[in-house]
There are 2 protein chains.
Amino acid sequence: MHVRVLGSAAGGGFPQWNCGCANCADLRAGAPNLHARTQDSLAVSADGEHWFLLNASPDVRSQIEGFAALHPRERRHSPIAAVALTNGDLDHCLGLLLLRESQPLVVYATERVIQGLLDRNAVMRTLDRFHGHVRWQQLHFGREQALVDASGRALGISLLAVAVPGNPPLHLRNQPASPEDNIALFARDERGFTLAYAPSVAALGDWTARLTESSCLFFDGTFWSDDEPVGLGRDGRRARDMSHLPIGGDEGSLRALDGRVPAQRFFTHINNTNPILRVGSPEHDAVVAAGWQVAMDGMEVRR
Amino acid sequence: MHVRVLGSAAGGGFPQWNCGCANCADLRAGAPNLHARTQDSLAVSADGEHWFLLNASPDVRSQIEGFAALHPRERRHSPIAAVALTNGDLDHCLGLLLLRESQPLVVYATERVIQGLLDRNAVMRTLDRFHGHVRWQQLHFGREQALVDASGRALGISLLAVAVPGNPPLHLRNQPASPEDNIALFARDERGFTLAYAPSVAALGDWTARLTESSCLFFDGTFWSDDEPVGLGRDGRRARDMSHLPIGGDEGSLRALDGRVPAQRFFTHINNTNPILRVGSPEHDAVVAAGWQVAMDGMEVRR
């Protein structure tokens, strides 16, 4: 399997357009221990030729241009055969609308996420320009599914969806919550290498048992502490109010997952305020000392 | 007035993610006479401190980061006070959803474009996170309107909307066409300097009389010839089928507008297939010889 980190920041990216926090301000001023990041997405391939994306970020256009394996090989072509979504958040779905130029694509997501996109948004019709433009494929819990491209050709990777505590996206908060709102995805190649991808995690629980069996993990690294976002947004919400378990602290993911995660593990979906973004900060060093990597755009895993 | 070209490419940008045409392929290979362009948008200011955007492109995040005048000056802040839209095309509107992080904003557009966005798209609720988050301000034909920020403070620029032949966006083609679907915008400062912005023009007509009186013009440069897009899309549509008057030829805009446009004039919204993108091509040189500039990201007009 070939995994490429296309983006590793939470919604808004790093820096965020309207944020002048210490991280964003120092990054803009050229601090050498801070690195810009686009919004969270992974590109995955079994053969290096046919790719699928885990989440389609608003930055997907520049992410594609920055990775030659995703460039077209003919006059009209894309090596991107499919996209799988972990939830309906805009920072995970908006990129679909940037992949709209008449390219056949298969999109995998839960029925709930598909309906939230298609039934309620006229803009999504731009992905229905011809018969077979985008095929929407439902993910069902407990059923491993072989990924295919728009012509039905297998990509050599199977996908399993697992419910993870979370919320519907902000713009659909008027609807009741569902287990299908937010998932982790487990992508397994034919040699058994398993990539676990859980960029949005409100709470741990039984579902984390599967992480132990995975070969490589990308996990929610949005916030370091619960009170980190307070004072920046207008609503005074804490990390947990936004359905993100913080990394640090006694009940944070770093301590709670200790010994239950694969050797190759990354924090991703990192908010611009998170101190782990600053190389050499105590929080950054604590994460690295615990055997985690801080995901950065362009990182790769190959096996 | 200070005008900054944030982006100068048509929908999809240059290069376009799934396009391997000669322009896109040579650009990716590093040809020195081709230059990458993000999607069409201008930033405009009367004082250099308070800005508004003409169209909000999907590339707005990187466009803001690439122009220091648009960076925040406080912990949460943006110099961008308002956005004005020329139509409801995704390459002109999607950027609104990237400006969603709790920043008050005024958006100017025709009633038709506003309704097409708000009434039909649940995702737009993300711009309604608190009272006064985004204020939608209707543009009316024939009525010059003083631009204000969310607190009502005047930006020192007035805006006039003029109907221009065009179409509703692709995803709303099921509705009957309206003169409000597509407009040109004329931004005038207190000293009378007038910026004319018409990035999408299906046909000339009486409306072009106003161009003569303008100080500076950005005009639809999507295609050079009518048959340029044939063979790349799946639908075999020509430039005119997509509501874009080509630049070249006997009936093209270059010849038709000759002598009727201000000295400072640019072609913008340039499709990735357009030969004027290639510096030194006969088409590029014909445009320059006629006194036009080929808009490029980062260009500025100050007066």
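Details of the structure are given in the entry above.
Just so you know, these numbers come straight off a predicted model, no measurement behind them. (Residues numbered from 1 in each chain as written. Chains lettered and ligands numbered in written order. Predicted model: local features only at pLDDT ≥ 70, side-chain atom pairs only at ≥ 80, totals over all residues. Heavy atoms only, no water.)

Asks: Got a minute to help me understand the packing of aromatic side chains in this structure?
Replies: Given two aromatic rings, one states the distance between the centres and the angle between the planes to describe the pair. All names here are of chain A. The full count for this structure, using the stated rule, is 12 aromatic pairs over all chains. Between F219 and F267, the ring centres sit 6.4 Å apart and the planes meet at 75°, which makes this aromatic pair edge-to-face. Here F219 is found in strand β11 (residues 216-220), whereas its partner F267 is found in strand β12 (residues 264-268), with 48 residues between them in sequence. There is no split in this pair, since F219 and F267 are both buried. Here the aromatic rings of F267 and W292 are separated by 3.9 Å at their centres, their planes lie at 10°, and the arrangement is stacked. (Phe/Tyr/Trp six-rings, centres within 6.5 Å; stacked < 30°, edge-to-face > 60°. Helix = DSSP H or I, 4+ residues; strand = E, 2+ residues; numbered from the N terminus. Buried < 20%, exposed > 50% of the residue type's maximum accessible area, 1.4 Å probe, protein only.)

Asks: Just to check I follow, could you spell out the relation of the copies chain A and chain B for this structure?
Replies: Each copy of the chain is related to the other by a rotation around an axis and a translation along that axis. Overlaying chain A with chain B gives an RMSD of 0.0 Å, the required rotation being 180° about an axis along which the chain moves by 0.0 Å. Taken together, the rotation angle and the small translation identify this as a two-fold axis. Judged by C-alpha distance, A:N121 is the residue of chain A that lies nearest the rotation axis, at 2.0 Å. Comparing contact sets, 100% of the residues at the interface of chain A also lie at the interface in chain B, consistent with an isologous, same-surface contact. (Least-squares fit on C-alpha atoms with pLDDT ≥ 70 in both. Contact = heavy atoms within 4.5 Å.)

Asks: Looking at this structure, how should I read the sheet that holds strand β5 (residues 105-109) of chain A?
Replies: Backbone-to-backbone hydrogen bonds pair the strands of a sheet. The strands run either parallel or antiparallel. Residues and elements named next belong to chain A. Strands sit in the order β6-β5-β4-β3-β2-β1-β14 across an open sheet of 7 strands; the sheet is mixed. Each edge of the open sheet is held by one strand with a lone partner, namely β6 (134-138) and β14 (300-302). On average, each strand axis in the sheet is tilted by 20° relative to the strand beside it, whichever way the strands run. As paired strands, strand β2 (residues 41-45) and strand β3 (residues 51-54) are joined by 4 bridges and run antiparallel to one another. Paired with S45 across the two strands is W51, which belongs to β3. The strands touched by helix α4 (residues 111-118) within the sheet are β5 and β6, with β6 carrying the most contacts at an inclination of about 145°. (Pairing = 2+ DSSP bridges. Axes fitted to C-alpha atoms, helices over the stretch in contact; angles between N-to-C directions.)

Asks: Honestly, the interface of chain A and chain B in this entry has me stumped. Any pointers?
Replies: Where interface size is given, it is often the accessible area lost as the parts come together that is meant. Tallying the contact residues gives 59 residues for chain A and 59 residues for chain B. Both sides of the chain A and chain B interface together cover about 5,100 Å² of buried area, and 54% of this is carbon and sulfur. Of all residues in chain A, A:W17, A:R61 and A:R76 give up the largest surface area on contact with chain B, accounting jointly for 19% of the area buried on that side. Inspection of the chain A/chain B interface yields 4 salt bridges. Elements supplying a minimum of two residues to the side of chain A that touches chain B: α2 (60-65) and α3 (90-93) of chain A. (Buried area = accessible area lost by both parts, 1.4 Å probe. Salt bridge = Lys/Arg side-chain N within 4 Å of Asp/Glu carboxyl O.)

Asks: What am I meant to see in the pattern of salt bridges here?
Replies: Once the charged atoms of two side chains with opposite charge are near each other, the side chains can pair. One pass over the full model with this rule turns up 24 salt bridges over all chains. Its salt-bridge partner being A:E300, residue A:R4 comes within 2.7 Å of it at the nearest N-O pair. Placement of the pair is A:R4 in strand β1 (residues 2-7) and A:E300 in strand β14, with a sequence separation of 296 residues. Look at A:R4 and you get buried, because its relative accessible area is 16%. A salt bridge links B:R28 to A:E65, with the nearest nitrogen and oxygen atoms 2.9 Å apart.

Asks: Hey, could you run me through the side chain of B:R265 in this one?
Replies: Residue and element names in this part refer to chain B. Inspection of the secondary structure puts R265 in strand β12 (residues 264-268). Although R265 lies buried, it forms no salt bridge, and the closest oppositely charged side chain, D258, sits 5.6 Å away as judged by the N-O distance. Looking at R265, its side chain comes within polar contact range of the main-chain oxygen of A290, at 2.6 Å. (Lys, Arg positive; Asp, Glu negative; His and termini not counted. Polar contact = N/O pair within 3.5 Å; in protein donor to acceptor, adjacent residues only side chain to side chain.)

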